[in-house]
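Chain and residue survey
What follows is the residue order along each chain.
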2 protein chains.
Amino acid sequence: MRTPALLAIDWGTSNLRACLLDADGALLEHRSAPGGVMSVKDALFGAALLKLCSDWIREHDCALIASGMVGSRQGWREAPYIDCPASIAQAARALTPVQIDADCDRLLHIVPGLRTTHPSGRFDVMRGEETQMWGAQLAPGRCCVLPGTHSKWAWIGDGGTVERFQTFMTGELYGLLTRHGILGRLMVFGERRVDDFVAGVKEGLADHAAATHVIFAARTAGLMGTIAPEGLPDYLSGMLIGIEVAAASAGRSGETAVKHVTLIGDDELCSRYELALEIAGLASDRATQDATTRGQWMVARAAGLLRAMA
Amino acid sequence: MRTPALLAIDWGTSNLRACLLDADGALLEHRSAPGGVMSVKDALFGAALLKLCSDWIREHDCALIASGMVGSRQGWREAPYIDCPASIAQAARALTPVQIDADCDRLLHIVPGLRTTHPSGRFDVMRGEETQMWGAQLAPGRCCVLPGTHSKWAWIGDGGTVERFQTFMTGELYGLLTRHGILGRLMVFGERRVDDFVAGVKEGLADHAAATHVIFAARTAGLMGTIAPEGLPDYLSGMLIGIEVAAASAGRSGETAVKHVTLIGDDELCSRYELALEIAGLASDRATQDATTRGQWMVARAAGLLRAMA
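Computed from a predicted model, the values in this text were never measured in an experiment.

Calculation criteria
- Residues numbered from 1 in each chain as written.
- Chains lettered and ligands numbered in written order.
- Predicted model: local features only at pLDDT ≥ 70, side-chain atom pairs only at ≥ 80, totals over all residues.
- Heavy atoms only, no water.
- Pairing = 2+ DSSP bridges.
- Helix = DSSP H or I, 4+ residues; strand = E, 2+ residues; numbered from the N terminus.
- Axes fitted to C-alpha atoms, helices over the stretch in contact; angles between N-to-C directions.
- Contact = heavy atoms within 4.5 Å.
- Phe/Tyr/Trp six-rings, centres within 6.5 Å; stacked < 30°, edge-to-face > 60°.
- Buried < 20%, exposed > 50% of the residue type's maximum accessible area, 1.4 Å probe, protein only.
- Lys NZ or Arg CZ within 6 Å of the ring centre and 35° of its normal.

1. Considerations on the sheet that holds strand β2 (residues 15-22) of chain A
Residue and element names in this part refer to chain A. Sheet architecture is open: six strands sit in the order β3-β2-β1-β4-β7-β6, paired in mixed fashion. Across the chains shown, the open sheet's two edge strands, defined by having one partner strand only, are β3 (27-34) and β6 (96-101). In this sheet, adjacent strand axes meet at a mean angle of 25° when their direction is disregarded. As paired elements, strand β1 (residues 4-11) and strand β4 (residues 63-67) share five bridges and run parallel to each other. Each residue of the ladder has a partner; that of D10, found in β4, is S67. Sitting on the sheet, helix α10 (residues 291-302) touches β1, β2 and β4, and the angle it makes with β1 is about 125°.

Below you can see the structure in the form of structure tokens.
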């Protein structure tokens, strides 16, 4: 095996994944554990990490880097937010080191989150997605979309900086409405129903400016029988994604509308977005699957963490 | 006491209220019970009604009418929806009679719900609010707003018909986001914070076309400390109401925007909407408090139920 130079940890709200990389960023080995930041009891983050890969840490004198919600207020240590436009070099200068535990003095370096300011003055934040975007190595001017609980639309600037971005609560709203709300009561889950998803996307695109109104259609369509109970989950999913695509791609005043986006994320979710983007008349492509580890390796390299190990 | 001519029952999702009215619709007595349609076990609606007012039903040979979710699929008996534009006379012809129970052959008449069709072809529905609007006796051309879990904006036509309406899931979204979602985690509930409510209304009005994005500001404002934890509930409430007001008052293509609305509902909620409407530059007034019973009496009269008792 080639010499491991970096242990790269992707630690989100619901997942923990660790990758052993060589000095060139090539993947040597990987492991993952279910349950992310939210499942760590009594803030025993060091113990959780050691449980997954104490052998790696003991055997290899490599640097350790982490990105994602592990750097949030609910995570291991709150890492700062750096302001947009934000580059890898800036992130590399703002890593938050944390000692693994009392018996292990090795340091894990947490990547900072990103903060952007919308025209009205309100802030927006991300944590983890910035590293994926850097790892995707997108060209300046490109718009990319990271679907999820809190979906992110981001615009890439010169030198691969994250110029600005916008969060949509699409995934969380879908979860809340279906699990805890009245819309879920008429739904039967399981089957994938593409036609109902498409119908939802069209409603969402057409009426995104009245989003909190249009989603009520997932109740009336069920009551009136225009959509079968098995199709209602995809109908609502389509509406929420349609609302997001229409609102995000419209462009702010004085800007041109988005015509092409790069999707970064898991297959199932990206395929939903691909279809919604196509219906909206937007072209899309997908980033490489290893964007996260690639980004972590790029930040570690910029921070000089790899040289220190050489 | 004047002779009771009508027992008017307002039976919603979370409340049951019974009013004894004379032939002119004047209120003689009223009672209410906590727990509405959702708290009735094993569909024993007759028993629940008799528990509240079996003495009235026994002592007075009056007609019985009910409106609200009692006529929904989850209620006592599913009453039909009549299509907009919908008048009192049409509702009076479409009452759904239900026998109180095996030992009591008196009939309760359930008022139908209303259905409207939006330009895209999707349906919208209401149940109970139509009776309140008829009872408010609004002039043709008037727009009225019934704030709540599922807020309704309705337009009144000739002869007091409900011409068309639009539902906004404002109240339900507030409940889901604060009780079950990530936005609630940074919030401290209790205090009313008008300034933060106003800030929220302004964000919602300005950016209603990206509703599923703008509400994320209730998280970032908490993370960044620009709004105190005690102010975050009102900030989110303001945003959701601002989003609703901007979307509903804009008017559909070819229509003039709304300039004045009549609010129908409880005091606390109406005062929030009054403030949001004022910030949006809309004038508002309030309907009489007894709109529900007045509407039920008007439907009963149109159905000839009062004459039958005379």
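Read on for the rest.
2. A few points about the sheet that holds strand β3 (residues 27-34) of chain B
Residues and elements named next belong to chain B. Spatially, the six strands line up as an open sheet ordered β3-β2-β1-β4-β7-β6, and their pairing is mixed. Strand pairing shows two members of the sheet lacking a second neighbour, β3 and β6 (96-101), which therefore form its edges. For this sheet the average axis-to-axis angle between neighbouring strands, irrespective of direction, equals 25°. In terms of strand pairing, strand β2 (residues 15-22) meets β3 through seven bridges, oriented antiparallel. Bridging from a neighbouring strand, C19 pairs with H30 of β3. On the sheet, helix α10 (residues 291-302) packs against β1 (4-11), β2 and β4 (63-67) and is oriented at approximately 125° with respect to β1.

3. Things to note about the packing of aromatic side chains
Residues and elements named next belong to chain A. Following the criterion strictly, the structure yields six aromatic pairs over all chains and no others. Arranged with centres 6.0 Å apart and planes meeting at 75°, the rings of W11 and W76 form a pair that is edge-to-face. Taken together, the residues span a long stretch of sequence, with W11 in strand β1 and W76 in the loop between β4 and β5 (81-83) at a distance of 65 residues. Taken individually, W11 and W76 each receive the classification buried, so the pair is uniform in this respect. Aromatic rings pair up to connect W11, F45 and W76 into one cluster. Sitting over the face of the ring of Y81, R127 holds its NZ or CZ atom 4.3 Å from the ring centroid.

None of the figures reported here should be taken as evidence of function without further support.
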